[in-house]
Amino acid sequence: MSTRTPTARRGTSRAATPAPAAVTTETARPDRKQAILLAAEKLFAQHGYHVVTIRQIAEEAGVPLALVGYYYGQKHELFHAIFEHWSHSIEARLAGLAAVNVDPDDARTLPRIIDAFTAPVLALRASAEGEYYALLVARELYHATEEADRVLRSYFDPLAEAYIDALHLALPHATRSQAAWGYQFALGALLHHLNDSRIERLTRGENRRADPAVAPMLVNFIVGGLRAALPRPKTPRTPRTRTTPRRQKT
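For the structure given in this document, a descriptive report is provided here. (Residues numbered from 1 in each chain as written. Predicted model: local features only at pLDDT ≥ 70, side-chain atom pairs only at ≥ 80, totals over all residues. Heavy atoms only, no water.)

**Observations regarding the overall build of the protein chain**
Using the following cut-off: Numbering of helices and strands runs from the N terminus, with a helix taken as a DSSP run of H or I at least four residues long and a strand as a DSSP run of E at least two residues long. A 1.4 Å probe rolled over the protein chains alone gives each residue an accessible area, and that area as a share of the maximum for its type sets the label: buried under 20%, exposed over 50%, partly exposed in between. The contact criterion used throughout is that any non-hydrogen atoms of two residues lie within 4.5 Å.
Of regular secondary structure, the protein chain possesses eleven helices and zero strands. The order of α-helices and β-strands along the protein chain, N terminus first, is α-α-α-α-α-α-α-α-α-α-α. Within the protein chain, the fraction of its 250 residues that count as buried is 40%. Partitioning the intrachain contacts of the protein chain with sequence separation of at least 6 by distance along the chain shows that 73% fall at a separation of at least 24.

So this is what it looks like as structure tokens:
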């Protein structure tokens, strides 16, 4: 049985803001618009949304301060623009899930669901273009501030609903609420792996942070945890009927 793929909500487009007098045709260029988005993504990931200022973003992007507001408006709109820019990564995870044939009797089903959930994110974290976005997700969505909660509801809740439904189908002996707990535990393991740097110190430099090579180990860890936390009920054994041996006549 294949799961239904919901459509991730797109952010609503903002009406074009009139260009300030300080913004000239020379400064308003598409490459600068992209530079602003990348600078915001990097600084938010490194320092947190509430710490970073618009001025710092403009300095990081190498653009006039007025240009940030011209392209993106207020800081919370720029924050949302980052997730809209990367919404295709959510769609990729939903497409990966839709490709899984959810058969609760197939032992490969649960690992395939978890791999569809984790693999695209680990690939982003390992790429030069997606590294800061993956860190931003791990940092901001782990701490559900008011601004992060808006992003969660708009972009990530539909993803979570789809994966919870799939887990419930793969583990039909569990309730959907138990499957939701399982999803949250799986998400916690994934976010910690994305954001953790302590592993390098604890292994004395042998392991490196967010190493994509450990993806199979992460999948096995999550799958093992789900199966241990939500075990299939044991089938009761039918008691054997004991027969009394006949006594031989003497």
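More follows now that the structure is in view.
**Description of unusual backbone geometry**
Although it is not a glycine, arginine 204 adopts a positive phi angle of roughly 55 degrees. As for its placement among the helices and strands, arginine 204 is situated in the loop between α10 (198-202) and α11 (215-229). When its relative accessible area of 82% is taken as the criterion, arginine 204 is described as exposed. Phi at alanine 210 is positive, roughly 50 degrees, even though this residue is not glycine. In this fold, alanine 210 is placed in the loop between α10 and α11. On the accessibility criterion, alanine 210 (7% relative accessible area) is buried.

**Details of the pattern of salt bridges**
The cut-off we apply is this: We count a salt bridge whenever a side-chain nitrogen from Lys or Arg sits within 4 Å of a carboxyl oxygen from Asp or Glu.
The final tally for this structure, using the stated rule, is ten salt bridges. Notably, a salt bridge pairs glutamate 200 with arginine 209, separated by 3.4 Å at the nearest N-O pair. Exposure remark for glutamate 200: the relative accessible area of 27% places this residue in the partly exposed category. The shortest N-O distance in the salt bridge between arginine 208 and aspartate 211 comes to 3.5 Å. What you see here is one network of salt bridges that share partners, running through Glu146, Glu147 and Arg150.

**Notes on the packing of helix α6 (residues 109-126) against α11**
Rules: Under this scheme, a helix contributes an axis fitted over its contacting stretch, all axes are lines through C-alpha atoms, and angles between N-to-C directions fall in the 0 to 180 degree range. With respect to orientation, any angle under 35 degrees is reported as roughly parallel, any angle over 145 as roughly antiparallel, any angle of 65 to 115 as roughly perpendicular, and every other angle as oblique. In this scheme, a crossing is called left-handed if the near helix is turned counterclockwise away from the far one by less than a right angle; it is called right-handed if the turn is clockwise. Each residue gets one of three labels, nonpolar for Ala, Val, Leu, Ile, Met, Phe, Trp, Tyr, Cys and Pro, charged for Asp, Glu, Lys and Arg, and polar for the others, Gly among them.
Taken N-terminus to C-terminus, the directions of α6 and α11 make an angle of 135 degrees; their axes are 9 Å apart at the nearest point. As summarised for this structure, α6 and α11 are arranged oblique, according to the angle between their axes. Of the two elements, α6 crosses α11, and the hand of that crossing is right-handed. Residues Leu110, Pro111, Ile114, Asp115, Thr118 and Leu122 of α6 pack against Ala215, Leu218, Val219, Ile222, Val223, Leu226 and Arg227 of α11. By residue class, the composition of the contact of α6 with α11 is ten nonpolar, one polar and two charged.

**A short note on helix α7 (residues 131-140)**
A large share of α7 lies buried, amounting to seven of its ten residues. Every buried residue belonging to α7 is among Tyr133, Ala134, Leu135, Leu136, Val137, Ala138 and Glu140, and all of these are buried. Looking at the buried side of α7, the elements it contacts are α1 (30-47), α4 (75-85), α5 (87-98), α6, α8 (146-170) and α9 (176-195).

**Regarding α1**
Counted only if it meets this: Here the expected span of a helix is defined as 1.5 Å times the quantity of residues minus one.
The end-to-end C-alpha distance of α1 is 26 Å, a good match for the 26 Å that 18 residues give at a rise of 1.5 Å each. Restricting attention to buried positions, one finds in α1 the residues Arg32, Ile36, Leu37, Ala39, Ala40, Glu41, Leu43, Phe44 and Ala45. Each element contacted by the buried residues of α1 is listed here: α2 (54-61), α3 (65-72), α4 and α7. With its phi angle positive at about 100 degrees, glycine 48 sits one or two positions after the end of α1.

**Structural notes on the environment of threonine 118**
Within the secondary structure layout, threonine 118 lies in helix α6. For threonine 118, a relative accessible area of 0% puts it in the buried group. In sequence terms threonine 118 and arginine 93 are 25 residues apart; their C-alpha atoms lie 8.4 Å from each other. In this structure, threonine 118 is in contact with Leu190, Leu218, Val219 and Ile222, ignoring residues within four places of it in sequence.

**Re the side chain of histidine 193**
Secondary-structure assignment places histidine 193 in helix α9. Those residues in contact with histidine 193 that sit more than four places away from it in its chain are Leu122, Ala210, Asp211, Val214 and Leu218.

**What to know about the nonpolar core**
Generally speaking, soluble globular proteins have nonpolar side chains that are buried together. Rules: Residues belong to a common nonpolar core when they are buried Ala, Val, Leu, Ile, Met, Phe, Trp, Tyr or Cys residues joined through side-chain atoms within 4.5 Å.
One finds Ile36, Phe44, Ile57, Phe83, Ile113 and Phe156 to be the most contacted residues of the largest nonpolar core, which totals 71 residues. If one sorts the elements of this core by residue count, α8 sits on top with 13 residues. If we ignore the near neighbours within four places in the chain, the residues touching isoleucine 113 are Leu97, Val100, Val102, Tyr163, Ala166, Leu167 and Ala170.

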